[in-house]
Amino acid sequence: MIRARVVRAERTTDHFVTVTVGGPDLARFEFLGLDQCVRVFLRRPGQERLTLPDSDPDSWYPEYREMAEDVRPYVRNYTMRRFDPEALELDIEFVAHDDGGPASSWAVSASEGDEVGLYPEGIYYLPSTDADWHLLVGDESAVPALLSIVEQAPRDLRAQVYLEVPSPRDVRPVQAPPGVEVHWLPREDAHATPGRLALETVRSATLPEGRPYCWVAGENALPTGLRRTLVKERSVPKDDITFVGYWRAGVGGID
Ligand SMILES: Cc1cc2nc3c(=O)[nH]c(=O)nc-3n(C[C@H](O)[C@H](O)[C@H](O)COP(=O)(O)OP(=O)(O)OC[C@H]3O[C@@H](n4cnc5c(N)ncnc54)[C@H](O)[C@@H]3O)c2cc1C
């Protein structure tokens, strides 16, 4: 378990806040890969200090569940967007979503010195080496992971990237290799479930020939629905698809 403090927080675009955390504990952070997941522990309103479960990786959860409600922190999954081992700083990009869950609300008002707990987890982006090209798809919750993957991709990567975002003001420049085509998909319907636009767009897209490696994440219906389409209608082998439900519409994280 790593303790860190907010160094700075800034709006990246309309619906994204980048929170940079730092501190000496980050010397123990083990970088595993481009879409590395980190469990983020946050103080609840009214709590004076952040109390963290301190047991080993296999048993933190039972310990967490047994913590008294007045000391138990919130815990949510996020992507490590950038890690700087020299400065001992780590960036996380939070979606500032309209449902205002505890993590999103915390990020929007985060200020220097706020304490967080970080529990590094694993990676999902493990492309098959013999893929001809990559299909990378996500809603806004997966934008940090996808940008991290694309910005650090090898120069010869060929990829089609579909990024659904809440508004045109969330579209930003991307540093990507020349063979990577980025399709931003800003939603026009503010009431549409995130992920639906990306699902429908990719379903009807003309995709490159050859064997793809596919990575899809976001609201649960996007990865599960697109995987079904890719397997049934595009004959993509299941082993060539990484699909991860990052969140579920109408369902909050553990409290
Ligand atoms: C491996 C992994 C990596 C992730 N990386 C990131 C990341 O880098 N950045 C990021 O922002 N999210 C990321 N997520 C998703 C994030 O964990 C969830 O969105 C989380 O539910 C947000 O917590 P909350 O406290 O704000 O809302 P919760 O309390 O969990 O939910 C409250 C309400 O808000 C809704 N909600 C939750 N998330 C969203 C959303 N994104 N848009 C609209 N409504 C939402 C829920 O359906 C619920 O109705 C990741 C998830 C996983 C599993």
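Residues numbered from 1 in each chain as written. Predicted model: local features only at pLDDT ≥ 70, side-chain atom pairs only at ≥ 80, totals over all residues. Heavy atoms only, no water.

### Structural notes on the sheet that holds strand β3 (residues 37–42)
Pairing between the strands of a sheet is mediated by backbone hydrogen bonds and can be parallel or antiparallel.
Then, in step 1: Spatial strand order, β4-β3-β7-β1-β2-β6-β5: seven strands in an open sheet with antiparallel pairing. Sheet topology places β4 (74–79) and β5 (82–84) at the edges, where each strand pairs with a single neighbour. Direction aside, neighbouring strands of the sheet carry axes that sit 35° apart on average.
Then, in step 2: Where strand β1 (residues 2–13) and strand β2 (residues 16–22) come together, seven bridges link them in antiparallel fashion. Its bridge partner being in β2, A9 is matched across the sheet by V19. (Pairing = 2+ DSSP bridges. Helix = DSSP H or I, 4+ residues; strand = E, 2+ residues; numbered from the N terminus. Axes fitted to C-alpha atoms, helices over the stretch in contact; angles between N-to-C directions.)

### Describing helix α4 (residues 196–203)
Then, in step 1: What α4 keeps buried is the set A198, L199 and V202. For α4, the angular spread of the buried residues around the axis is 100°, confining them to a single face.
Then, in step 2: On its buried side, α4 packs onto β8 (133–138), β9 (159–165), β10 (180–186) and α5 (221–234). (Buried < 20%, exposed > 50% of the residue type's maximum accessible area, 1.4 Å probe, protein only. Arc of directions from axis to C-beta. Contact = heavy atoms within 4.5 Å.)

### What to know about the packing of aromatic side chains
Then, in step 1: This model, assessed by the stated rule, comprises eleven aromatic pairs.
Then, in step 2: Seen from their ring centres, Y61 and Y64 are 6.3 Å apart, and the 25° between their planes marks the pair as stacked. Here Y61 pairs with Y64, and both are found in helix α1 (residues 60–66), just three residues apart, close to one helical turn.
Then, in step 3: We classify Y61 as partly exposed; its relative accessible area is 34%.
Then, in step 4: The exposure class of Y64 is buried, given its relative accessible area of 0%.
Then, in step 5: On the numbers, 4.3 Å between centres and 40° between planes, the contact of Y78 with F94 is tilted. Residue Y78 is located in strand β4, and its partner F94 is located in strand β6 (residues 89–95); the two are separated by 16 residues in the primary sequence. (Phe/Tyr/Trp six-rings, centres within 6.5 Å; stacked < 30°, edge-to-face > 60°.)

### Focus: the domain arrangement of the chain
Then, in step 1: Segmenting the chain into domains produces domain 1 (2–120) and domain 2 (133–247).
Then, in step 2: At the boundary of domain 1 with domain 2, total buried surface from both sides reaches about 1300 Å², with 55% on carbon and sulfur atoms.
Then, in step 3: Considering only the side of domain 1, the residues that lose the most area to domain 2 are F16, L34 and R81, jointly responsible for 43% of the buried surface there.
Then, in step 4: Here domain 1 and domain 2 share three salt bridges between them.
Then, in step 5: A salt bridge links E151 to R81; the shortest N-O distance between them is 3.2 Å.
Then, in step 6: Of all the secondary structure elements, the ones that give two or more residues to the side of domain 1 that touches domain 2 are β1 and β6. (Domains from an automatic or database assignment. Buried area = accessible area lost by both parts, 1.4 Å probe. Salt bridge = Lys/Arg side-chain N within 4 Å of Asp/Glu carboxyl O.)

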